[in-house]
Amino acid sequence: MLPTFLIGLREGLEAALVVGILVAYLRRLGRGDALPRLWAGVGLAIALALGIGAVLTFGAYSLTFEAQELIGGLLSLLAVAMVTWMIFWMQKAGRTMKATLEGGLDRALTHGGVWALVAIGFVSVAREGIETTLLLWSMVQSFGDTPSAVLGAVLGLVTAVVIGWLLARGAVRLDLRRFFTWTSGFLVIVAAGVLAYAIMDLQEAGALPGPFTAAAPVDAVTGVVAIGWAAFPFGWAFDVTNVIAPSGAWATILQATVGFMPRMTWFQVTAWALYLIVVGFFFVRGLRSARPTVSRATPSADQDASAHTLTQQGAA
């Protein structure tokens, strides 16, 4: 529940801040008449995310096992790609997000019609909605505990809406730059685990060589797929299922936090390690390169600009 709660909280708060900036700007311009069209776009984005979740959840039942695993693996890879892009996008574009959103609204109000404002609201929320849906769906598939995972995500989204409303009313202050930095770091680890699970799905589907295909090395003594260095690269890297039950609480906690599974293939371990090393390196480098800018910036820098705007709206 905790990992999906944090994902729902992080993504939901980002969407809430985006919507808050747009609403505050329209009210500052005295264009409250345009709010229904903006909310219509937001509602369409939410409906799209829910629709995608429903299709992914119920649409796979009629497929074969191999087809389910193949689709699940490809969608998990898409979720990893979207999360990775979002993490670095936030590092680069976070400080100009407010100006970008307001510029888009200006163009929509000046040159567009009803559908232009609907599109602004839709596009502003759809990315977070689709990204959250794919990531949560991948995590639910890997955990196997659908009710708890879904409940955690819902609680996170509700909490994000409440925090966004409190920020807008000026009731609370939150260091959003630090919040998004820490949660982005958490998402790097989560995405590595989702990537490892995607590799397993693709290996089970036969799309990648592994323990489920003829490429798997077989132990000459036991007659089963080899484990350890002798199994490199298409066998099992390790198997500790006799110590950590795959369906037990410890396995779920470890998989949810660091992407560890009691039994993993060499492909999984390699992909997991490379993702953490490469993405983690560029993520930390981005943080270090941003430090001098942040230290000289005004209070409106980064996501604090969003909180300041929403706080002004609440005071007004």
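Residues numbered from 1 in each chain as written. Predicted model: local features only at pLDDT ≥ 70, side-chain atom pairs only at ≥ 80, totals over all residues. Heavy atoms only, no water.

A. Unusual backbone geometry, seen in detail. A cis geometry characterises the amide bond from F232 onward to P233, with omega recorded as 5°. Structurally, P233 is set in the loop between α7 (176-204) and β1 (236-239). (Helix = DSSP H or I, 4+ residues; strand = E, 2+ residues; numbered from the N terminus.)

B. Spatial organisation of the side chain of S138. Checked against the element boundaries, S138 lands in helix α5 (residues 114-143). Given a relative accessible area of 1%, S138 falls into the buried group. A distance of 2.9 Å separates a polar atom in the side chain of S138 from the backbone oxygen of L134. Here S138 is in contact with L75, S76, A79, V194 and Y197, once residues within four sequence places are set aside. (Buried < 20%, exposed > 50% of the residue type's maximum accessible area, 1.4 Å probe, protein only. Polar contact = N/O pair within 3.5 Å; in protein donor to acceptor, adjacent residues only side chain to side chain. Contact = heavy atoms within 4.5 Å.)

C. Representation of the pattern of salt bridges. This model, assessed by the stated rule, comprises five salt bridges. The residue R10 makes a salt bridge to E14 at a minimum N-O spacing of 2.7 Å. You can see R10 and its partner E14 sitting in helix α1 (residues 2-28), four residues apart, about one turn around the helix. Accessibility expressed as a relative area gives 0% for E14, which makes it buried. For D33, the salt bridge identified is with R37, shortest N-O distance 3.5 Å. Among the ionic contacts, a cluster of salt bridges with common partners joins R10, E11, E14, R127 and E128. (Salt bridge = Lys/Arg side-chain N within 4 Å of Asp/Glu carboxyl O.)

D. Region of interest: the nonpolar core. I7, I87, L135, L187, V190 and Y275 are the most contacted members of the largest nonpolar core, which has 31 residues in total. Secondary-structure elements contributing two or more residues to this core are α1, α3 (65-93), α5, α6 (146-169), α7 and α9 (266-296). Among the elements that line this core, the one with the most residues is α7, at 12 residues. In contact with Y275, not counting residues within four places along its chain, are V80, T84, V188, A191, A192, L195 and G280. L38, A45, L117 and A126 belong to the second-largest nonpolar core, a separate cluster that totals 20 residues. (Core = buried A, V, L, I, M, F, W, Y, C linked by side-chain atoms within 4.5 Å.)

E. Main features of a nonpolar patch on the surface. Together, V150, V154, V158 and V162 give the surface a local cluster of nonpolar side chains, amounting to about 300 Å² of exposed area. Summarising the element assignment, V158 is placed in helix α6. (Patch = residues over 30% accessible without salt bridge, like charges linked within 9 Å, V, L, I, M, F, W, Y side chains within 5 Å. Areas by Shrake-Rupley, 256 points an atom, 1.4 Å probe, with all protein chains shown as cover.)

F. A look at the packing of aromatic side chains. The full count for this structure, using the stated rule, is eight aromatic pairs. With centroids separated by 4.9 Å and ring planes inclined at 35°, the aromatic side chains of W229 and W266 adopt a geometry described as tilted. Placement of W229 in the loop between α7 and β1 and of W266 in helix α9 is noted, with a sequence separation of 37 residues between them. You can call W266 buried: its relative accessible area is 11%. (Phe/Tyr/Trp six-rings, centres within 6.5 Å; stacked < 30°, edge-to-face > 60°.)

G. Quick peek at the environment of V194. On the secondary structure map, V194 appears in helix α7. The exposure class assigned to V194 is buried, which follows from its relative accessible area of 6%. On a C-alpha basis, the gap between V194 and L136 in space is 9.9 Å, while along the polypeptide they are 58 residues apart. For V194, the residues in contact, after removing those within four places along its chain, are S76, V80, L135, S138 and M139.

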